[in-house]
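Structural overview for review
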Amino acid sequence: SIHVSTYLQRRQMPHYQVFAFLKQPLGKIFFAEGKYTLNIGNLAEGWRAWKDQSGGGCVLDMGYHFIDLVIWFLGLPDAVYSNLSASARPEQCYDVEDTADIHFSYNSGLHGSLIFSRCSANRQQYLSLLGENGQLLFENDECRLYSRNGEKQFQAKSTFSEQKLSANCLDLFAQEILSENKSKDSHQHLQHAAFIEACYRSHQFKTAVNPKSLLLAAHQIPGALQSGGS
């Protein structure tokens, strides 16, 4: 038999893992804001430039990692609204989104936004969570917890190399292959696909989309989740 698993490197980084210990002192989270931007000179180079080869642009590719953080920390949203564009380099030829502005919300009142771009002047990578007791900020390879008055209460940093993170993911896969209990949650990443599909459908139809309804359809109708770029 063939066994397939998906692992994401950020879940192996210590400064993200501390969220489990910091969510209680942070208190009830009411707003989340994330930004992940790169500066890619030639957006038309390679397979990432074409929807029929990549499946999508910055949302599906680089954005997947931050969408994973949102789902990991906060769960799958009840509504997603997005605007996508593919006009940053008009002199180049590509057909996937280069920039995305995504808003998401939960029935609890928690809401947030994500910005992804392949054509920003600077590389930025952060996720901010605002809670009733302060702010939890993940920025690059650091995590910092601030009180309501802005005093830093905790700080952690990851020192893992890309090679070490990749090795850890391979180790986890090997452990799962050898384990008698394979795929504790074989459908886990369908949530990610539902979030991403909601982004594309929201942009296409100019309305908010509930990714949970897409996830339900995916369980009932094979092929219901088929992400495609703008």
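Quick summary incoming for the structure in this document. Since we're looking at a predicted model, the values are computed, not measured. (Residues numbered from 1 in each chain as written. Predicted model: local features only at pLDDT ≥ 70, side-chain atom pairs only at ≥ 80, totals over all residues. Heavy atoms only, no water.)

**Examining the overall build of the protein chain**
Using the following cut-off: Every helix listed is a DSSP run of H or I at least four residues long, and every strand listed is a run of E at least two residues long, numbered separately from the N terminus. The globule rule is 2.2 Å times the number of residues to the power 0.38, and the radius of gyration it is compared with is taken over C-alpha atoms. For each residue, the accessible area found with a 1.4 Å probe, counting protein chains only, is set against the maximum for its type, and the residue is called buried under 20%, exposed over 50%, and partly exposed in between. Here a residue-residue contact requires only that any non-hydrogen atoms of the pair lie within 4.5 Å. Only the protein chains shown count as cover for residues, and the accessible areas themselves come from Shrake-Rupley with a 1.4 Å probe.
When helices and strands are tallied, the protein chain shows seven helices and eight strands. Compactness check: the protein chain gives a C-alpha radius of gyration of 18 Å against a globular reference of 17 Å for 230 residues, within 12% of the reference. Taking the principal axes of its C-alpha atoms as reference, the protein chain extends roughly 45 × 45 × 35 Å. When burial is assessed residue by residue, the protein chain has 45% of its 230 residues classed as buried. Counted over contacts in the protein chain with a minimum sequence separation of 6, partners at least 24 positions apart contribute 70%. A total of about 12100 Å² of accessible surface is found on the protein chain, and carbon and sulfur atoms cover 50% of it.

**Considering the pattern of salt bridges**
This is how the line gets drawn: Here, a salt bridge means any side-chain nitrogen of Lys or Arg that lies within 4 Å of a carboxyl oxygen of Asp or Glu.
Using the criterion set out here, one finds seven salt bridges in the structure. For the salt bridge of Arg48 with Asp61, the shortest nitrogen-to-oxygen distance reads 2.7 Å. Remark: Asp61 occurs in the loop between helix H3 (51-54) and helix H4 (63-74) and Arg48 occurs in the loop between strand E1 (29-39) and H3; sequence separation between them is 13 residues. Taking the relative accessible area as the measure of exposure, Asp61 reaches 26% and is therefore partly exposed. Among the ionic pairs, Arg144 bridges to Glu142, the shortest N-O distance being 2.7 Å. Residue class for Arg144 comes out buried when judged on its relative accessible area of 12%. Through salt bridges with shared partners, a single network forms among Arg48, Asp61 and Arg118.

**Some words on helix H5 (residues 162-178)**
Test applied: What a helix is expected to span follows from its residue count: subtract one and scale by 1.5 Å. This arc is built from the directions going out from the helix axis to the C-beta atoms.
With 17 residues, H5 should reach 24 Å at 1.5 Å per residue; the first-to-last C-alpha distance of 25 Å fits that figure. By the burial criterion, the buried members of H5 are Leu165, Asn168, Cys169 and Glu176. On an axial view of H5, the arc spanned by its buried residues comes to 95°, and they lie on one face. Exposed residues pointing more than 90 degrees away from the buried face of H5 are listed as Gln163, Leu170 and Leu178.

**Focus on the layout of surface pockets**
Put simply, the rule reads: Cavities and pockets were defined on a 1 Å grid built from protein atoms only: a cavity is a group of points that admits a 1.4 Å probe but offers it no way out, a pocket is an open group of points flanked by protein on both sides within 12 Å along at least five of seven lines, and a lining residue is one with an atom within 4 Å of any such point. Grid points are joined across faces, edges and corners, and a volume is the space filled by probe spheres set on the points. Any residue that is not Ala, Val, Leu, Ile, Met, Phe, Trp, Tyr, Cys, Pro, Asp, Glu, Lys or Arg is counted as polar, Gly included; the first ten are nonpolar and the last four charged.
For the second largest pocket, the calculated volume is near 260 Å³. Forming the boundary of the second largest pocket are 16 residues, of which Arg10, Met13, Arg123, Gln125 and Glu162 lie nearest the centre. Those elements giving two or more residues to the lining of the second largest pocket turn out to be helix H1 (14-17), strand E5 (119-131) and H5. By residue class, the composition of the lining of the second largest pocket is five nonpolar, seven polar and four charged.

**Let's talk about the environment of Arg10**
Here is the rule we go by: Polar contacts, as used here, are pairs of N or O atoms within 3.5 Å; protein pairs need one atom able to donate a hydrogen and one able to accept it. Residues neighboring in sequence count only if both atoms are side-chain atoms.
Structurally, the position occupied by Arg10 is in the segment before H1. Relative accessible area serves as the criterion here: at 9%, Arg10 is assigned to the buried category. The spacing of Arg10 and His65 is 55 residues in sequence and 7.4 Å in space, taken between C-alpha atoms. Those residues in contact with Arg10 that sit more than four places away from it in its chain are Tyr16, Tyr36, His65, Phe66, Leu69, Trp72 and Gln125. Side-chain polar atoms of Arg10 contact the side chain of Gln125, separated by 2.4 Å.

**Some points on the side chain of Ser120**
Within the element layout of this structure, Ser120 appears in strand E5. Within the structure, Ser120 has its side chain in polar contact with the backbone oxygen of Asn122 (distance 3.1 Å). Apart from residues lying up to four places away in sequence, Ser120 is in contact with Thr37, Leu38 and Asn39.

**Details of the sheet that holds strand E2 (residues 79-85)**
As a reminder, the rule being used: Between any two strands, pairing holds if DSSP finds at least two bridges. To obtain each axis, a line is fitted to C-alpha atoms, and for helices this fit is confined to the stretch in contact; angles are then taken between N-to-C directions over 0 to 180 degrees.
Strand order in the open sheet formed by eight strands is E2-E3-E4-E1-E5-E6-E7-E8, and the pairing between neighbours is mixed. The sheet terminates laterally at E2 and strand E8 (152-157), the two strands that pair on one side only. Direction aside, neighbouring strands of the sheet carry axes that sit 15° apart on average. Two strands pair when backbone bridges link them, and strand E7 (residues 142-147) and E8 are joined in this way by five bridges, in the antiparallel orientation.

**Considerations on the pairing of E1**
Across nine bridges, the pairing between E1 and E5 is antiparallel. When the bridges of E5 are listed, Gly34 appears paired with Leu127. As paired elements, E1 and strand E4 (residues 111-117) share seven bridges and run parallel to each other. Directly across from Thr37, in E4, lies its bridge partner Ser117.

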